[in-house]
Amino acid sequence: MQLDARRALRTSAGASLTTEQANEEINAVLEHLQDVDEALALTDRRLKDHPDERETLDRLREIALLLRRPILYVDALERALHASVDPASRDALATQLAYAALEADDPERVLLS
C-alpha cells in the first residue's frame with residue numbers, strides 16, 4: 001500500500017522531483033521499508049535522467065554494497081563520466097571510477113578511466 005501511494009505521488013510529480021526529494025524517497029524505501037530492490041529501481045530511474053548526480057550515485061554505492069554487486073556502481077560511474085561535461089566533475093568521477101573498479105576487482109576499467 002505504501003509503495004502504491006509513493007508510485008502515484010512520483011507519477012504525478014514526474015521528472016520535477018529535486019535531487020533531495022528523489023534521494024529522500026530512495027532512503028525511505030531503503031531504510032524504512034527495507035526494500036533494496038525497489039531502492040535500486042528508483043536509483044536506476046533517477047540516474048537514467050541524471051547520470052552524474054553525485055548524491056544519487058552515493059545512494060547507488062550503498063545499495064550496490066548491500067547487494068554485494070559493486071559492479072553496479074562501477075557501471076553507473078562510467079555512464080556518469082561519459083555524460084558529464086564539467087572538467088572538474090569528470091576528473092572527480094574518473095578518480096572515483098578508478099577506486100570503485102579496484103574495489104570491484106575490475107582492473108581493466110581502472111586502466112580505461
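This text follows the structure it describes.
A short tour of the structure in this document, coming up. (Residues numbered from 1 in each chain as written. Predicted model: local features only at pLDDT ≥ 70, side-chain atom pairs only at ≥ 80, totals over all residues. Heavy atoms only, no water.)

A short note on the packing of helix α3 (residues 36-49) against helix α4 (residues 54-67)
Inference 1: Interaxial distance between α3 and α4 falls to 10 Å at its minimum, and their mutual angle equals 145 degrees. At the point where α3 passes α4, the crossing takes the left-handed sense. Of the residues in α4, those touching α3 at Val36, Asp37, Ala39, Leu40, Thr43, Arg46 and Leu47 are Thr56, Leu57, Leu60, Ile63, Leu66 and Leu67.
Inference 2: In terms of residue class, the contact of α3 with α4 is made up of nine nonpolar, two polar and two charged. (Axes fitted to C-alpha atoms, helices over the stretch in contact; angles between N-to-C directions. Helix = DSSP H or I, 4+ residues; strand = E, 2+ residues; numbered from the N terminus. Left-handed = near helix turned anticlockwise from the far one by under 90°. Contact = heavy atoms within 4.5 Å. Nonpolar A, V, L, I, M, F, W, Y, C, P; charged D, E, K, R; others polar.)

Describing the packing of α4 against helix α6 (residues 87-103)
Axis angle and axis distance: for two packed helices, these are the angle between their axes and the distance between the axes, and together they describe the pair.
Inference 1: For the pair α4 and α6, the least separation of the axes is 14 Å and the interaxial angle reads 5 degrees. By the angle class used here, α4 and α6 are roughly parallel. Side by side, α4 and α6 meet where Arg54, Leu57 and Arg61 of the first sit next to Ala92, Leu93, Gln96 and Glu103 of the second.
Inference 2: For the contact of α4 with α6, the per-class residue count stands at three nonpolar, one polar and three charged. (Parallel < 35°, antiparallel > 145°, perpendicular 65-115°, else oblique.)

What to know about the side chain of Arg46
Inference 1: Relative to the assigned elements, Arg46 resides in helix α3.
Inference 2: For Arg46, a relative accessible area of 10% puts it in the buried group.
Inference 3: At a separation of 2.9 Å, a polar atom in the side chain of Arg46 contacts the side chain of Glu53.
Inference 4: Excluding residues that lie within four positions of it along the chain, Arg46 makes contacts with Leu17, Thr18, Thr19, Ala22, Glu53 and Thr56. (Buried < 20%, exposed > 50% of the residue type's maximum accessible area, 1.4 Å probe, protein only. Polar contact = N/O pair within 3.5 Å; in protein donor to acceptor, adjacent residues only side chain to side chain.)

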